[in-house]
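# Descriptive structure summary
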Amino acid sequence: MASGGSVQQYARDFPNSDIPDDSAHPLLDLLSNTLVVHQIVPYLPISSLLNLAAASASFRELLLRLTPGVFRHLDLTRVRTAQFDIDGVDHGGEIWRNVQVDENVTEDDFYSGPLRGILQSLRRRDILQHVQTLVLDGLSVTAEFCNDLLVDPSLRLRVLSIRDVKNLNERKLMQSLRYACRSTRPDDTPRLKALYVFGARDAPATVTSASPPSASIPPNAAAAVAAAAIGVGWNLKSQNALKESMQSEGDDWYHRKGRIISKHIADGWAETLLDCREVIRFDSVLCTGPRHQNSPAFGKVPVQQHSNGNGAAVDGRWGLATFALGGCASCGTAPEGFTAYGESPPEDLPLLAPVPLHSSTVKAATCPTPGGESGTPRFVPRCLECIRERYCFSCDQWWCESCYQVPSRHELAAQHVHVVDQTNGMAAHKMAALEQPPTVKKPKISRSCWECEHNCLDCIANTQKLCKGCGGGYCIIHYEGSTLTLCDWCSRDRGRRSRVVLID
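Cut-off values and rules
Residues numbered from 1 in each chain as written. Predicted model: local features only at pLDDT ≥ 70, side-chain atom pairs only at ≥ 80, totals over all residues. Heavy atoms only, no water. Helix = DSSP H or I, 4+ residues; strand = E, 2+ residues; numbered from the N terminus. Buried < 20%, exposed > 50% of the residue type's maximum accessible area, 1.4 Å probe, protein only. Contact = heavy atoms within 4.5 Å. Salt bridge = Lys/Arg side-chain N within 4 Å of Asp/Glu carboxyl O. Arc of directions from axis to C-beta. Pairing = 2+ DSSP bridges. Axes fitted to C-alpha atoms, helices over the stretch in contact; angles between N-to-C directions. Parallel < 35°, antiparallel > 145°, perpendicular 65-115°, else oblique. Left-handed = near helix turned anticlockwise from the far one by under 90°. Nonpolar A, V, L, I, M, F, W, Y, C, P; charged D, E, K, R; others polar. Polar contact = N/O pair within 3.5 Å; in protein donor to acceptor, adjacent residues only side chain to side chain. Phe/Tyr/Trp six-rings, centres within 6.5 Å; stacked < 30°, edge-to-face > 60°. Lys NZ or Arg CZ within 6 Å of the ring centre and 35° of its normal. pLDDT = per-residue confidence, 0-100. Core = buried A, V, L, I, M, F, W, Y, C linked by side-chain atoms within 4.5 Å.

## Looking at the overall build of the chain
Per the secondary structure count, the chain includes 16 helices and 13 strands. With 504 residues in all, the chain has 35% of them scored as buried. Considering only contacts in the chain between residues 6 or more positions apart, those separated by 24 or more positions represent 70%.

Shown next, in the form of structure tokens:
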């Protein structure tokens, strides 16, 4: 009766519309199943949910009051009003209208205006208090805005993603995080448990089909539109194939090895992760190399101190891991051991991309998907300084500190020289020739091409060739037009001479 009364009231408000009884609507019956709703709504933008709730009183009652968790996962990256694409010349707030641009607006109000306006609108509708996962990747997010999300007692936010955002002061964000995780903080604070900030944002979903040319298009333009549609279709197929291949490789850190975080890491993030270790998880972890004090192998194996461009030693107390490695190419392990899911402490596990859709817990965000490898998923987290001149960027092989010590410049420059005296010179020369020369250390990693990174000797032998035409060395990867026997210059010159012979 209540449902029928609500429908009659809706019909009385719009007497000219022919609205069927919502109680028999198949979509309403489908969405009445909470299991179906919780599986569908994370894939829908918030505008679609609000439009569906505005369709009738029954849908509004179902989505906004009767079904909990409808707005648990909120992704604002696809909201048009949340974008911050402002030209170099300000037009008085014409692009977004959430903040009146005048001389009284602060920098934070200006850059976070679009998001603050959206969240204020959601707060008035009693929706913001139900959000537990908030995705703001690529938007304009300030440190003050993040601090408000951290300290607001009315929010239940547990997972926040701010990857590749604009106008973010990372120094202020570190201060807010360290203050929120201080030892004297109130109980049950902060409510935020997972923060995505280091990795790259997730690729947007692509449309799988292209619309055919409309009948209203002139015949002379239909061919061009059809050709463009074919090109778009092939691009979509390529994107889908690339996405499927990346998904088949498994998760970062556990299944995909190599450089995981490509962005520049500002100073202070390692200390921030250390202070927030038992409170907030991040999409990266501390480096466990023997150079750092948090490593189980600290002080147990010899390490080499690196220096920066000014000659000063690099601070190695703490480091943020940006590489995921497998076992050493020689011993198959690492001095500090592996970080294994289910065996290592929970605070040593990184958050995995993409952001989980159907759960807002740290357990779901750190759980790797089953991959092709047998056994426990594991990896070795290292920073760039801990694998410098130890890691091959081509084949992802590396050598640990226990198996390989990087030769110093003095060791590489040392020569096996015998000084022969003039007296009894021939006898001394023969004795020197019969002596066993000392073992000369040869580096396992070197850089033979300016465009290539540091590679191992096997990869260098496969990519660096000696031209049979001019005798010069070349790289078959970065010298376009080169072959396995000729460099790009000799290859083009030989092709030019063959064309001249054919023409003659």
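## Thoughts on the pattern of salt bridges
Per the stated rule, a full pass over the model turns up 15 salt bridges. A salt bridge links Arg382 to Glu401; the nearest nitrogen and oxygen atoms lie 3.0 Å apart. A residue pair is termed long-range when its members are at least 10 positions apart, and Arg382 in strand 9 (residues 378-382) and Glu401 in the loop between strand 9 and helix 13 (409-413) qualify at 19 residues. Like Glu401, Arg382 is buried. Here the salt bridges share partners, and the residues they tie into one network are Glu336, Arg382, Arg390 and Glu401.

## Quick look at helix 5 (residues 57-66)
Among all positions in helix 5, only Ser58, Phe59, Leu62 and Leu63 are buried. Down the axis of helix 5, the buried side of the element spans an arc of 115°, and every buried residue falls inside it.

## With respect to the sheet that holds strand 1 (residues 73-75)
Taken together, five strands build an open sheet; the order of strands is 1-2-3-4-6 and the sheet is parallel. Each edge of the open sheet is held by one strand with a lone partner, namely strand 1 and strand 6 (281-282). Sheet analysis places strand 2 (residues 133-135) next to strand 3 (residues 159-161), joined by three bridges and oriented parallel. Directly across from Thr133, in strand 3, lies its bridge partner Val159.

## Focus: the side chain of Thr272
Mapped onto the elements, Thr272 comes out in helix 11 (residues 269-275). The class for Thr272 is buried, based on a relative accessible area of 0%. Apart from residues lying up to four places away in sequence, Thr272 is in contact with Met174, Leu177 and Arg178.

## Brief notes about the packing of helix 8 (residues 143-151) against helix 9 (residues 170-180)
It is at 9 Å that the axes of helix 8 and helix 9 come closest, and there the two elements cross at 15°. Classified by the angle between their axes, helix 8 and helix 9 sit roughly parallel to one another. Remark: the crossing between helix 8 and helix 9 carries right-handed chirality. Contacts between helix 8 and helix 9 involve Ala143, Glu144, Cys146, Asn147 and Leu150 from the first element and Lys172, Leu173, Ser176, Leu177 and Ala180 from the second. For the contact of helix 8 with helix 9, the residue count by class is six nonpolar, two polar and two charged.

## Examining helix 4 (residues 46-53)
Restricting attention to buried positions, one finds in helix 4 the residues Ile46, Leu49 and Ala53. Down the axis, helix 4 shows its buried residues gathered within 60° of arc, on one side only. Looking at the packing, one finds that the buried side of helix 4 touches helix 5, strand 1 and helix 7 (113-124).

## Some remarks on the sheet that holds strand 9
Sheet architecture is open: four strands sit in the order 5-7-9-8, paired in antiparallel fashion. Of all strands in the sheet, those bounded by a partner on one side alone are strand 5 (258-259) and strand 8 (339-340). The pairing of strand 7 (residues 323-325) with strand 9 spans three bridges and is classified as antiparallel. Within strand 9, the residue paired with Leu325 across the bridge is Val380.

## Comments concerning the pairing of strand 9
Burial of strand 9 is extensive: four of the five residues sit out of reach of the surface. Relative to strand 9, strand 8 is paired through two bridges, and the arrangement is antiparallel. Pairing of Ala340 across the sheet is with Arg378, part of strand 9.

## Brief notes about the environment of Arg116
As for its placement among the helices and strands, Arg116 is situated in helix 7. For Arg116, a relative accessible area of 26% gives the class partly exposed. Counting along the chain gives 34 residues from Arg116 to Ala82, while the straight-line C-alpha distance between them is 9.2 Å. Sequence-distant contacts of Arg116, defined by excluding residues within four places in its chain, comprise Asp108, Glu144, Phe145 and Asp148. In this structure the side chain of Arg116 is engaged in a polar contact, spanning 2.9 Å, whose partner is the side chain of Asp148.

## A short note on the packing of aromatic side chains
The geometry of an aromatic ring pair is captured by the separation of the ring centres together with the interplanar angle, meaning the angle of the planes. By the definition in use, this model includes 12 aromatic pairs. Between the aromatic rings of Phe198 and Trp269, the centroid separation amounts to 4.9 Å while the plane-to-plane angle is 80°, which identifies the pairing as edge-to-face. Of the two residues, Phe198 is situated in the loop between strand 4 (194-196) and helix 10 (219-248) and Trp269 in helix 11; the sequence distance between them amounts to 71 residues. As far as burial versus exposure is concerned, Phe198 and Trp269 are alike and both buried. Taking the relative accessible area as the measure of exposure, Phe198 reaches 2% and is therefore buried. Positioned over the ring face of Tyr179 is Arg182, at 4.0 Å from the centre of the ring. Above the face of the Phe338 ring, Arg378 is positioned so that its terminal group lies 3.9 Å from the ring centre.

## Looking at the packing of helix 4 against helix 5
It is the contact of helix 4 with helix 5, at a shortest axis distance of 7 Å, that shows an interaxial angle of 135°. As summarised for this structure, helix 4 and helix 5 are arranged oblique, according to the angle between their axes. Of helix 5, the residues touching helix 4 (which contributes Leu49, Leu52 and Ala53) are Phe59, Arg60, Leu63 and Leu64. Within the contact of helix 4 with helix 5, the residues separate by chemical class into six nonpolar, no polar and one charged.

## Points about the confidence of the model for the chain
Caution applies to low-pLDDT parts of the model: their predicted coordinates are not meant to be read in detail. Taken as a whole, the chain shows an average pLDDT of 80; of its residues, 70% reach a score of 70 or greater. Low pLDDT, under 50, characterises residues 206-215; the stretch is placed with 10 contacts to residues that sit more than four places away or in other chains. Segment residues 498-504: pLDDT under 50, and zero contacts once partners within four positions in sequence are set aside and those in other chains are kept.

## Regarding the nonpolar core
Core analysis: the largest hydrophobic core is formed by 68 residues, its most contacted members being Leu76, Leu136, Ile162, Trp269 and Phe282. Residue assignment for this core shows that the elements contributing at least two residues are helix 2 (26-31), helix 4, helix 5, helix 7, helix 8, helix 9 and helix 11. Sorting elements by how many residues they give to this core places helix 8 first, with five residues. Leaving out residues up to four positions away in the same chain, Ile162 has contacts with Leu136, Asp137, Val141, Cys146, Leu168, Leu173, Leu195, Tyr196 and Val197. Grouped together as the second largest cluster of nonpolar side chains are 16 residues, Ile387, Cys392, Ile445 and Cys456 included.

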